[in-house]
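Each chain, written out:
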Amino acid sequence: MNLLRILCISASNNFRPGVKETYSYQICKTVLDEADKHVTEIEGEIIELKNLTLSPCRDCMKCLDSRRCVTDDTFNQIYEKIIACDILFIVSPHYAPVPAKLCMLLEKMEEITFYRWEKDTSYQSEVYGIKTAVISHGGGSGNEFAQADGISQTDYKKVVNDPIANALDTIQLKLIPYDDEWNTGIVVKPETAEQGFDKKIGQYVRQVLSIEYGDYR
Ligand SMILES: Cc1cc2nc3c(=O)[nH]c(=O)nc-3n(C[C@H](O)[C@H](O)[C@H](O)COP(=O)(O)O)c2cc1C
């Protein structure tokens, strides 16, 4: 079995006092731990957007030729890592609605692909078909529940997963659904590692891996 490169993007921008590891980062670690149980050779990496400085797309259209952002080397470095990975996990908290740095990343990837596709609809982007999974969560404060009943996960889907899925479609990344209902990824309850993570995370990771490898068990 070949080396499997899994890249996890943690979209949290949480610098809240007392938060040592954001919930998004903890989910990314859980994803890699789960993958490690099932795949012999894995190269996992977590990119925490909170530690990076990105800028929004200016619609200068220079990426039409360069296929890279001419003003944002940090973006370009992330983009190279996405191009090189086999499976991408995007873990995003609910902000208002999606964290700004994740939007900046998606904006630039979208335009790099869209401008070319507009001229030639057979164009396949450099990230064409890379399997991508989306995991969202929310909470209101730090790592806790916003509401005792775990708020409406369908609401989180509508404002976080679905818009991300929409962008992924233009970028030509291949979103892996969880099931018919959760067709744009999963929404998880914000338990911490100590509390025991939502079982859906492990299930989703196994599904994504089984698409890669067939029945790997
Ligand atoms: C700008 C901003 C807006 C937010 N809006 C919402 C919201 O509308 N609904 C919600 O449940 N949580 C909201 N949150 C809380 C985050 O979803 C919560 O802090 C997050 O789940 C924590 O995860 P993290 O540790 O990965 O940052 C917001 C947080 C920020 C910073």
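All of these numbers come straight from a predicted model, not from anything done at the bench.

> I would appreciate a short explanation of unusual backbone geometry in the present structure.
Peptide bonds are trans in most cases, and residues, glycine excluded, mostly fall at negative phi. Here the residue pair alanine 96 and proline 97 is connected by a cis peptide bond, since its omega of 0 degrees sits within 30 degrees of zero. Residue position: proline 97 is located in the loop between strand E3 (87–93) and helix H4 (100–119). Unlike most non-glycine residues, arginine 67 shows phi in positive territory, near 55 degrees. With respect to the helices, strands and loops of the structure, arginine 67 is situated in the loop between helix H2 (63–66) and helix H3 (73–84). Given the relative accessible area of 27%, arginine 67 is considered partly exposed. Positive phi outside glycine occurs at glutamine 172, with the angle close to 80 degrees. Inspection of the secondary structure assignment puts glutamine 172 in the loop between helix H5 (153–171) and strand E5 (174–175).

> Hey, could you run me through the pairing of strand E4 (residues 131–137) in this one?
Two faces, one strand: in a regular strand the side chains alternate between the faces of the sheet. With 7 of its 7 residues buried, E4 lies for the most part within the structure. Looking at chain direction, E3 and E4 are connected through 7 bridges and run parallel. Opposite proline 93, over in E4, you have histidine 137 as the bridge partner. Handedness of the crossover joining E3 and E4 through H4: right-handed. Note that E4 and E5 share 2 bridges and pair parallel.

> Hey, could you run me through the packing of H4 against H5 in this one?
What describes two packed helices is the angle between their axes and the distance between those same axes. The contact between H4 and H5 brings their axes to 8 Å, and the two run at 30 degrees. Considering their axes alone, H4 and H5 lie roughly parallel with respect to each other. Where H4 crosses over H5, the handedness of that crossing is left-handed. Across the interface between the two elements, Leu102, Leu106, Met109, Glu110, Thr113 and Phe114 from H4 touch Ile164, Ala167, Leu168, Thr170 and Ile171 from H5. Among the residues forming the contact of H4 with H5, the class breakdown is 8 nonpolar, 2 polar and 1 charged.

> Would you mind showing me how to read the pairing of E3 here?
Of all 7 residues making up E3, 7 are buried, and the element is well covered by its neighbours. In the sheet, strand E1 (residues 4–10) pairs with E3 via 5 bridges, with the strands oriented parallel. In the strand pairing of E3, serine 10 is matched with valine 91.

> Can you help me understand the packing of aromatic side chains in this one?
Given two aromatic rings, their pairing is described by the distance between the two centres and the angle made by the two planes. One pass over the full model with this rule turns up 4 aromatic pairs. Between phenylalanine 75 and tyrosine 79, the aromatic rings sit 5.5 Å apart at their centres with planes inclined by 20 degrees, giving stacked as the arrangement. Within this pair, phenylalanine 75 and its partner tyrosine 79 are both found in helix H3, separated by 4 residues, close to a single helical turn. No difference in accessibility class separates phenylalanine 75 from tyrosine 79, as the two residues are buried. Between the aromatic rings of phenylalanine 114 and tyrosine 115, the centroid separation amounts to 6.4 Å while the plane-to-plane angle is 55 degrees, which identifies the pairing as tilted. On the basis of relative accessible area, tyrosine 115 is assigned to the buried category, the value being 6%.

Here is what the cut-offs are and how they apply
Residues numbered from 1 in each chain as written. Predicted model: local features only at pLDDT ≥ 70, side-chain atom pairs only at ≥ 80, totals over all residues. Heavy atoms only, no water. Helix = DSSP H or I, 4+ residues; strand = E, 2+ residues; numbered from the N terminus. Buried < 20%, exposed > 50% of the residue type's maximum accessible area, 1.4 Å probe, protein only. Pairing = 2+ DSSP bridges. Right-handed = clockwise from strand over helix to strand, strands pointing away. Axes fitted to C-alpha atoms, helices over the stretch in contact; angles between N-to-C directions. Parallel < 35°, antiparallel > 145°, perpendicular 65-115°, else oblique. Left-handed = near helix turned anticlockwise from the far one by under 90°. Contact = heavy atoms within 4.5 Å. Nonpolar A, V, L, I, M, F, W, Y, C, P; charged D, E, K, R; others polar. Phe/Tyr/Trp six-rings, centres within 6.5 Å; stacked < 30°, edge-to-face > 60°.

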